[in-house]
Amino acid sequence: MLTAGPTHEKIDPVRFIGNYSSGKMGYAIAEELAERGAEVTLISGPTQLHVTHPSIHKISVESAKEMYAASMEHFDTMDAAIMAAAVADYAPENYASQKLKRDGEDLILRLVPNPDIAASLGAIKEKQILVGFALETQHAEANARKKIEKKNLDFVVLNSLENKGAGFQTDTNIISILHRNGEQQDYPLKSKRAVAVDIVDYLEKSL
Ligand code: CTP
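A short tour of the structure in this document, coming up.

About the cut-offs
Residues numbered from 1 in each chain as written. Predicted model: local features only at pLDDT ≥ 70, side-chain atom pairs only at ≥ 80, totals over all residues. Heavy atoms only, no water. Core = buried A, V, L, I, M, F, W, Y, C linked by side-chain atoms within 4.5 Å. Buried < 20%, exposed > 50% of the residue type's maximum accessible area, 1.4 Å probe, protein only. Helix = DSSP H or I, 4+ residues; strand = E, 2+ residues; numbered from the N terminus. Contact = heavy atoms within 4.5 Å. Polar contact = N/O pair within 3.5 Å; in protein donor to acceptor, adjacent residues only side chain to side chain. Pairing = 2+ DSSP bridges. Near = heavy atom within 4 Å. Areas by Shrake-Rupley, 256 points an atom, 1.4 Å probe, with all protein chains shown as cover. 1 Å grid on protein atoms, 1.4 Å probe; cavity = no way out; pocket = protein on both sides within 12 Å on 5 of 7 lines; lining within 4 Å. Sits in = over half its atoms within 2 Å of the grid points. Patch = residues over 30% accessible without salt bridge, like charges linked within 9 Å, V, L, I, M, F, W, Y side chains within 5 Å. Salt bridge = Lys/Arg side-chain N within 4 Å of Asp/Glu carboxyl O. Phe/Tyr/Trp six-rings, centres within 6.5 Å; stacked < 30°, edge-to-face > 60°. Axes fitted to C-alpha atoms, helices over the stretch in contact; angles between N-to-C directions. Parallel < 35°, antiparallel > 145°, perpendicular 65-115°, else oblique. Left-handed = near helix turned anticlockwise from the far one by under 90°. Nonpolar A, V, L, I, M, F, W, Y, C, P; charged D, E, K, R; others polar.

## Re the nonpolar core
Counting 29 residues, the largest nonpolar core has Leu 2, Ile 29 and Ile 199 as its most contacted members. If you list the elements that add at least two residues to this core, you get strand 1 (2-4), helix 1 (24-35), strand 4 (40-44), strand 6 (80-83), strand 9 (129-136), strand 10 (155-160), strand 12 (175-179) and helix 5 (192-206). A per-element tally of this core places helix 1 first, with 7 residues. Once residues lying within four places of it in the same chain are set aside, the contact partners of Ile 29 are Leu 2, Ile 82, Phe 133, Ala 196, Ile 199 and Val 200. In terms of nonpolar packing, the next biggest core, distinct from the first, is built from 22 residues, Met 67, Ala 144, Leu 153 and Val 156 among them.

Here it is in structure tokens:
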């Protein structure tokens, strides 16, 4: 199972809070898994991407809460779950069913925390391998290791925004894989498709 893409947190019928995730990394991993014979459940936020492989079963969601519900529903039959989505940490407390009108005053939008999907799966996981992503702008390795503990992950794929060619909206990525047993593997700049091969190789070793 994979989560991928951004989430959109609705403010009113025409506006949302989102992020720059394209979904490319998650979709590339889904393709690689399917090509190796896996049945893949891809839980995807709004993206421009399409899947072609018949073994990828896509579930489209919009918000973090919908992604959480779909992930919780399917997790128990999975061998592994890869959390590649850029989930919004907060959502507007209230959804306005009519378009908010401009009245010239300051507009205060109160945000409330979304569920942490990876941590929720980490809390209930049995034999599944749980893989997280970490996107850090500072103290990357220390923060990534904290996420392993906090979310009960088996390993984390770290991409640092300090690196050119890594992260959102690019076709390339530079990753390190940090395992909960202390192991660390650093990889050079590659296309996201080639990075997906490295991640799936590492996952296969862990199964
Ligand atoms: N994640 C998730 N649900 C959330 C937030 C994050 O499943 N509500 C997952 C992401 O898919 C990713 C990992 O947790 O695999 C780490 O995401 P990141 O945004 O780096 O971490 P946060 O927990 O949001 O921590 P912070 O924003 O403080 O860095």
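## A few points about helix 3 (residues 117-124)
Listed in full, the buried residues belonging to helix 3 are Ile 117, Ala 118, Ser 120, Leu 121 and Gly 122. Those residues of helix 3 that are buried are in contact with helix 2 (64-74), strand 6, strand 9 and helix 4 (140-151). Measuring from the backbone nitrogen of Ala 118 back to the side-chain oxygen at the start of helix 3 gives 3.2 Å, which picks out Asp 116 as the cap.

## Observations concerning the pairing of strand 9
With 7 of 8 residues buried, strand 9 lies mostly within the body of the structure. Where strand 6 and strand 9 come together, 4 bridges link them in parallel fashion. From the neighbouring strand, Ala 81 faces strand 9, where its bridge partner is Leu 130.

## What about the site of the ligand?
Around the ligand, the surrounding shell holds 13 residues, and the nearest of these are Met 83, Ala 85, Phe 133, Lys 147 and Lys 151. Contact between the ligand and Lys 147: an oxygen atom at 2.8 Å from a side-chain N or O atom of the residue. Expressed as a share of its isolated accessible area of 570 Å², the protein-covered part of the ligand is 77%. Here the ligand occupies the largest pocket.

## Things to note about a nonpolar patch on the surface
A cluster of nonpolar residues, Tyr 90, Leu 109 and Leu 111, forms a patch on the protein surface that exposes about 270 Å² of accessible area. When you line up the elements, Leu 111 lands in strand 8 (residues 111-113).

## A short note on the packing of aromatic side chains
With the rule as written, the count across this model stands at 1 aromatic pair. Aromatic side chains Phe 155 and Tyr 202 sit 4.7 Å apart centroid to centroid with 65 degrees between the ring planes, which places their arrangement in the edge-to-face category. Separated by 47 residues along the polypeptide, Phe 155 in strand 10 and Tyr 202 in helix 5 bring together distant segments of the chain. Judged by its relative accessible area of 3%, Tyr 202 is buried.

## Details of the packing of helix 1 against helix 5
Contact pair helix 1 / helix 5: the axes reach a minimum separation of 8 Å and the direction vectors enclose 55 degrees. By the angle between their axes, helix 1 is oblique relative to helix 5. Relative to helix 5, helix 1 is oriented so that their crossing is right-handed. Of the residues in helix 5, those in contact with Lys 24, Met 25, Ala 28, Ile 29, Glu 31, Glu 32, Leu 33 and Glu 35 of helix 1 are Lys 192, Arg 193, Val 195, Ala 196, Val 197, Ile 199, Val 200 and Leu 203. Looking at side-chain class alone, the contact of helix 1 with helix 5 contains 10 nonpolar, no polar and 6 charged residues.

## Digging into the packing of helix 2 against helix 3
Between helix 2 and helix 3, whose axes approach to 10 Å, the crossing angle comes to 20 degrees. Relative to helix 3, the element helix 2 is oriented roughly parallel. Here helix 2 runs over helix 3; the crossing is right-handed. Where helix 2 approaches helix 3, its residues Ala 64, Met 67, Tyr 68, Ser 71 and Met 72 are matched on the opposing element by Ile 117, Ser 120, Leu 121 and Ile 124. Looking at the contact of helix 2 with helix 3 residue by residue, the classes come out as 7 nonpolar, 2 polar and no charged.

## Here we look at the environment of Met 72
Here Met 72 lies in helix 2. In contact with Met 72, not counting residues within four places along its chain, are Ser 120, Leu 121 and Ile 124.

## Quick look at the side chain of Thr 41
Among the secondary structure elements, Thr 41 is positioned in strand 4. For Thr 41, a relative accessible area of 10% puts it in the buried group. Excluding residues within four positions of it along the chain, Thr 41 makes contact with Met 1, Leu 2, His 57, Ile 59, His 74 and Met 78.

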